[in-house]
Amino acid sequence: MEKYDGRGGAVRPDDPWYDVSASGWGAPAGTGARPEPVEVPPQAVAPGGEGEAASAAEIYREVRASAAFQEVRGRYRRFVVPASALFLVWYLAYVVAATTAPALMARPVLGPVNVAMLAGLGQFASTFMLTWAYVRHARLRRDRLALDLRWETQQLTRGARG
C-alpha cells in the first residue's frame, strides 16, 4: 500500500524518514512555502590569530584542555568510578556466594524465601538505586556546567572551517 505526499511522490508508510506531523515545519501556515535560510554568524577567531578562522578540531582541542571541561570530567569520574567498582564488587560477591556457598544461599529466611532470592532481588534494587543516584548526581553536579560548555562550544564552532 502506498501513500502520496501531495507533491506527486509516493511515500511508503513504513518509511522511517517520513513524518506527517513534521511536514512543512517552519513554513508559514497554509502557504506550503519553505522556511527562510538562517544566517550563519561570523567566523570564529582562531586561537593563534585574529584574522583567520579556527578549525573545529582546534576549537575542540582548546575546549578539551579548558578548566571547565576538566571540571565536568572530574565530577563525572568521581561518581562513576567508585559507584561502578562498588556495584561490580557487590555483583561478584553475589555470584561467588551462589557458586561456592550453596548451603548459605539455600538457607530459608521467611517461608519459601531464601538468602539467594533476597540477594537476587537486592541486585535489582541496587541497579535501580544506582541509576537514580547517577541521574541525581548528573542533574545536581554536572548538567548545568556541561550545558554551558556545550553552548559555548557550539557558538565557537558555528562559523568554523572544516
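Predicted model, so just to flag it, every value in this text is computed and none were measured.

**Concerning the UniProt feature "transmembrane region" (unreviewed entry) in the chain**
Within this structure's numbering, the places UniProt gives as "transmembrane region" (unreviewed entry) are residues 79-101 and 113-135. Helix makes up 96% of residues 79-101 and strand 0%, with an end-to-end C-alpha separation of 32 Å. Taken end to end, residues 113-135 is 91% helix and 9% strand, and its two terminal C-alpha atoms sit 32 Å from one another.

**Some details on the packing of helix H2 (residues 67-100) against helix H4 (residues 115-157)**
Viewed as axis vectors pointing N to C, H2 and H4 meet at an angle of 180°, and their least axial separation amounts to 10 Å. One element, H2, and the other, H4, form an angle in the roughly antiparallel class. Partitioned by chemical class, the residues of the contact of H2 with H4 number 19 nonpolar, six polar and four charged.

**Some remarks on the pattern of salt bridges**
Tallying each qualifying case throughout the model produces two salt bridges. The closest approach of N and O atoms between Arg 75 and Glu 71, which form a salt bridge, is 2.7 Å. In this pair, Arg 75 and Glu 71 are both assigned in helix H2, four residues apart and thus about one turn of the helix distant. Accessibility expressed as a relative area gives 32% for Glu 71, which makes it partly exposed.

**Let's talk about the layout of surface pockets**
Its volume calculated, the second largest pocket comes out at about 160 Å³. Lining of the second largest pocket is provided by Phe 79, Ala 83, Leu 86, Phe 87, Trp 90, Ser 126, Met 129, Leu 130 and Ala 133. Sorting the residues of the lining of the second largest pocket by element identifies H2 and H4 as the ones contributing at least two each. The element best represented in the lining of the second largest pocket is H2, accounting for five residues. Within the lining of the second largest pocket, the residues separate by chemical class into eight nonpolar, one polar and no charged.

**Topic: H2**
Over its 34 residues, H2 extends 48 Å from the first C-alpha to the last, a length consistent with the 50 Å expected when each residue adds 1.5 Å. Turning to H2, its buried residues are Val 72, Gly 74, Phe 79, Val 80, Ala 83 and Ala 97. Structurally, H2 contributes buried residues whose contacts are with helix H3 (102-106) and H4.

**Points about the confidence of the model for the chain**
Where the model shows low pLDDT, its predicted coordinates should not be examined in detail. Mean pLDDT over the chain stands at 78; residues scoring 70 or higher make up 66%. Contacts of residues 15-28 to residues separated by more than four positions or lying in other chains number five contacts, the stretch itself having pLDDT below 50. For the stretch residues 33-46, pLDDT sits under 50, and the model shows 25 contacts to residues farther than four places along the chain or on other chains.

Conventions we followed
Residues numbered from 1 in each chain as written. Predicted model: local features only at pLDDT ≥ 70, side-chain atom pairs only at ≥ 80, totals over all residues. Heavy atoms only, no water. UniProt positions renumbered as here; feature names shortened; annotations may be inferred. Helix = DSSP H or I, 4+ residues; strand = E, 2+ residues; numbered from the N terminus. Axes fitted to C-alpha atoms, helices over the stretch in contact; angles between N-to-C directions. Parallel < 35°, antiparallel > 145°, perpendicular 65-115°, else oblique. Nonpolar A, V, L, I, M, F, W, Y, C, P; charged D, E, K, R; others polar. Salt bridge = Lys/Arg side-chain N within 4 Å of Asp/Glu carboxyl O. Buried < 20%, exposed > 50% of the residue type's maximum accessible area, 1.4 Å probe, protein only. 1 Å grid on protein atoms, 1.4 Å probe; cavity = no way out; pocket = protein on both sides within 12 Å on 5 of 7 lines; lining within 4 Å. Points joined across faces, edges and corners; volume = space filled by probe spheres on them. Expected span 1.5 Å × (residues − 1). Contact = heavy atoms within 4.5 Å. pLDDT = per-residue confidence, 0-100.

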